[in-house]
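The residues making up each chain are set out below.
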Amino acid sequence: MKKAMLLIMSLVVLCLCCLQGQSDPLFVKKIQQHRKAYLSDFKKNPASPLGKKALKNVQFFAPDEQYVLRCQFSPTPDAEPFEMPTYSGVTKPYVQYGIAKFSLAGVNYQLSVYRSVSNTLPQYRDYLFVPFKDMSNGESTYGGGRYLDLRIKDVIDNTLVLDFNKAYNPYCAYSDGYSCPIPPDENHLQVSILAGEKGFPKKE
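Report follows, based on the coordinates. Here the structure is a predicted model, which is why all the values come from computation and not from measurement. Within any chain, residue numbers begin from 1 and follow the written order of that chain's sequence. Where local features are concerned, this predicted model is filtered to residues with pLDDT of at least 70; where side-chain atom pairs are given and counted, the filter is 80 or more; whole-chain, interface and lining totals use all residues. Computation of side-chain values covers all heavy atoms of the structure but excludes hydrogens and water.

**A closer look at the packing of aromatic side chains**
Two descriptors summarise a pair of aromatic rings, namely the distance from one centre to the other and the angle between the planes of the rings.
At step 1: Whether two aromatic rings pair depends on their centres lying within 6.5 Å, for rings of Phe, Tyr and Trp, where Trp uses its six-membered ring; planes under 30 degrees apart make the pair stacked, over 60 edge-to-face, and the rest tilted. In this structure the tally under the stated criterion is 15 aromatic pairs.
At step 2: Ring geometry for tyrosine 38 versus phenylalanine 60: centroids 6.1 Å apart, planes at 75 degrees, classification edge-to-face. Separated by 22 residues along the polypeptide, tyrosine 38 in helix α2 (residues 25–44) and phenylalanine 60 in the loop between α2 and β1 (68–75) bring together distant segments of the chain.
At step 3: Buried, partly exposed and exposed residues are distinguished by accessible area as a fraction of the type maximum, computed with a 1.4 Å probe on protein chains only: under 20%, between the cut-offs, and over 50%, respectively. By relative accessible area, which is 15% here, tyrosine 38 ends up buried. Per the convention used, a helix needs a DSSP run of H or I reaching at least four residues, while a strand needs a run of E reaching at least two, with both numbered from the N terminus.

Written as C-alpha cells, this is what we have:
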C-alpha cells in the first residue's frame, strides 16, 4: 500500500511539472549547449552582423519540451524548383523537399521543408531548411520570421522531429544588407511559437 501511494505521488508530481512547462534537466542542458555553439558561430563568421559585445543582447525563450514535435513527413520528389524572395530583393532557388505535419496543443499544422538548389558545396548537400512565421512575430520574436536547419538524415521512416527550441533569427534581424529568405505563405503558422530565439532589441 505504501509503495502504491509513493508511486501515485510521483506521478502527480510529474504531471504538475509537465503542466508548469518544466523540462527535463538533461534536455535543458542539451539546448543550452546548442545555444552556446550558436553564439560561438557569430564570433567565427567574418560576415557576422554581431560583434562580441552585441551578443549579450541575443535572447532566448526558456527550453521547453512541448515544442519538440514529432512530425509525419511526406516527401515531395516531383516538386519544381522556385525562386524564394529575400528581404534584400534578390531571390534564391529552392525546392520543396517534403511536408512535415504535426500537432501542437491539439491543433494540426504543417510546414514545408526546403532544400537549396544553388548550394552545391559537399558539406551542405544534405542540408534542409525550414523558414517559418508565427503569431509571435513582431511581438516577442523577430517580425520577419525565423528558421530551422535540418539534415536529410533527420528523416527516419517518414518521421521528422522539429525542435522549435532551436529556431533562430536570420541575419536581417540584426542588421540590413543581408539576403535573408522570406518564409513562404505556406509556412505561416496561426499559432505563437514561444520557443527558440527571441526578437533582437535594436537601438532607435
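Next, the rest of the story.
**Re the pattern of salt bridges**
At step 1: The term salt bridge refers to a pairing of a side-chain nitrogen on Lys or Arg with a carboxyl oxygen on Asp or Glu at a separation within 4 Å. According to the stated counting rule, one finds 2 salt bridges in the structure shown.
At step 2: Measuring nitrogen to oxygen at the nearest pair gives 3.6 Å for the salt bridge that ties aspartate 126 to arginine 151. In this pair, aspartate 126 sits in the loop between β4 (107–116) and β5 (127–132) while arginine 151 sits in strand β6 (residues 146–151), placing the two residues 25 residues apart along the sequence.
At step 3: One salt bridge connects arginine 146 with aspartate 134, and the closest N-O pair in it is separated by 3.2 Å. Separated by 12 residues along the polypeptide, arginine 146 in strand β6 and aspartate 134 in the loop between β5 and β6 bring together distant segments of the chain. Both residues of the pair, arginine 146 and aspartate 134, count as buried.

**Describing the environment of tyrosine 178**
At step 1: Along the polypeptide, tyrosine 178 turns up in the segment after β7 (159–163).
At step 2: Sequence separation of tyrosine 178 and tyrosine 87 is 91 residues, and the distance between their C-alpha atoms is 7.6 Å.
At step 3: Any two residues whose heavy atoms approach within 4.5 Å are treated as being in contact. Among residues more than four places away in sequence, those in contact with tyrosine 178 are Ala47, Ser48, Pro49, Ser88, Tyr171 and Cys172.
At step 4: Counted as a polar contact is a pair of N or O atoms within 3.5 Å, where, for protein atoms, one must be capable of donating a hydrogen and the other of accepting one, and residues adjacent in sequence contribute only when both atoms are in side chains. Of note is the side chain of tyrosine 178, whose polar atom sits 2.8 Å from the backbone oxygen of alanine 47.

**What to know about the state of the cysteines**
A covalent bond bridging the sulfur atoms of two cysteines is what the word disulfide describes.
At step 1: What counts as a disulfide here is a pair of cysteine sulfur atoms lying within 2.5 Å. Following the criterion strictly, the structure yields 1 disulfide and no others.
At step 2: With a sulfur-sulfur separation of 2.2 Å, cysteine 172 is cross-linked through a disulfide to cysteine 180. Measuring the twist about the S-S bond at about 100 degrees, one finds the cysteine 172-cysteine 180 disulfide to be right-handed. One exposure class covers both cysteine 172 and cysteine 180, and it is buried.

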